[in-house]
Amino acid sequence: MKARPVDAVTQDIRRLARDMIDTMYDRDGIGLAAPQIGQSLQLFVANPSQERGREMVVLNPVVESASGRATVTEGCLSLPNVWQRIARAARVRLSGMDLSGQPLTIEAEGLLAIVLQHEVDHLQGCLFVDHLPWFRRLWVRDARRFLRHGVLRGSQP
Ligand code: ZN
């Protein structure tokens, strides 16, 4: 499901962004989108450096351009224990709004470009495994079911 645009930066939106930044650090993530914590809003936070104070908050993001190709092993806080190599654009330009309601443009490459595409996907209702060919998606689904039923956990001391 596609998330709803943020109309105005209210106190609630600022509080949500702060909570999301805390959650991202708590869970050792480098990005988090509002739908991942049950809020259907076009808002994500990201910080590939994991250095406090360098987090970015983007509202209503739009990918303006994408070029090149990069394949990186990705994981997601919404799919614990799943890591898959995903092909994405190597460079992206993204526009949106910042937390003070001002327009913002981000030109990114490297890990940041990957994170931005991953988070924008969440806002479109898409997970990184949706980029996999169908047979690998099935494999991921079966592996997750296996983990959920505790078969692996049960075999550990
Ligand atoms: Zn994710």
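What counts and how
- Residues numbered from 1 in each chain as written.
- Predicted model: local features only at pLDDT ≥ 70, side-chain atom pairs only at ≥ 80, totals over all residues.
- Heavy atoms only, no water.
- Buried < 20%, exposed > 50% of the residue type's maximum accessible area, 1.4 Å probe, protein only.
- Helix = DSSP H or I, 4+ residues; strand = E, 2+ residues; numbered from the N terminus.
- Pairing = 2+ DSSP bridges.
- Axes fitted to C-alpha atoms, helices over the stretch in contact; angles between N-to-C directions.
- Contact = heavy atoms within 4.5 Å.
- Donors = N, O, S within 2.8 Å, 3.2 Å for Na, K, Ca; no water.

*Asks:* Describe the pairing of strand E6 (residues 91–97), naming the residues involved and giving the relevant values.
*Replies:* Here E6 lies mainly inside the structure; five of its seven residues are buried. Taken together, the six bridges between strand E3 (residues 56–67) and E6 define a ladder with antiparallel strand orientation. Among the inter-strand pairings, Val62 is bridged to a residue of E6, identified as Ser95. Inspection of the sheet shows E6 paired to strand E7 (residues 103–109) by seven bridges, in the antiparallel sense. Note that in E7 the partner of Met97 across the bridge is Pro103. Counting the residues in the hairpin turn of E6 and E7 gives five residues, including Gly101, whose phi is positive at 85°.

*Asks:* Mind laying out the sheet that holds strand E1 (residues 31–33), listing which residues take part and the relevant values?
*Replies:* Sheet architecture is open: five strands sit in the order E1-E2-E3-E6-E7, paired in antiparallel fashion. The two strands at the open ends of the sheet, each matched to only one other strand, are E1 and E7. If you compare each strand with its neighbour and ignore which way they point, the axes differ by 40° on average. Relative to E7, helix H2 (residues 110–123) is tilted by about 125°, and along the sheet it contacts E1, strand E2 (43–46), E3, E6 and E7.

*Asks:* Tell me about unusual backbone geometry, and name the residues and values.
*Replies:* Its identity is not glycine, yet Asp28 carries a phi of approximately 65°, on the positive side. We classify Asp28 as exposed; its relative accessible area is 60%.

*Asks:* For the coordination of the zinc ion, give the residues involved together with the corresponding values.
*Replies:* Around the zinc ion, the protein contributes the donor atoms Cys76 (SG), His118 (NE2) and His122 (NE2), at 2.1 to 2.2 Å from the metal centre. Look at where the donors of the zinc ion fall in the sequence and you get C-x41-H-x3-H. Of this pair, Cys76 sits in strand E4 (residues 70–76) while His122 sits in helix H2, and the two are 46 residues apart along the sequence. Accessibility expressed as a relative area gives 6% for His122, which makes it buried.

*Asks:* Describe in detail the side chain of Gln42, supporting the description with residues and values.
*Replies:* Its location among the elements puts Gln42 in the loop between E1 and E2. Non-local contacts of Gln42, meaning those with residues more than four positions away in its chain, are made with Lys2, Ala3, Arg4, Pro5, Val6, Val58, Leu59, Asn60, Pro61 and Leu123.

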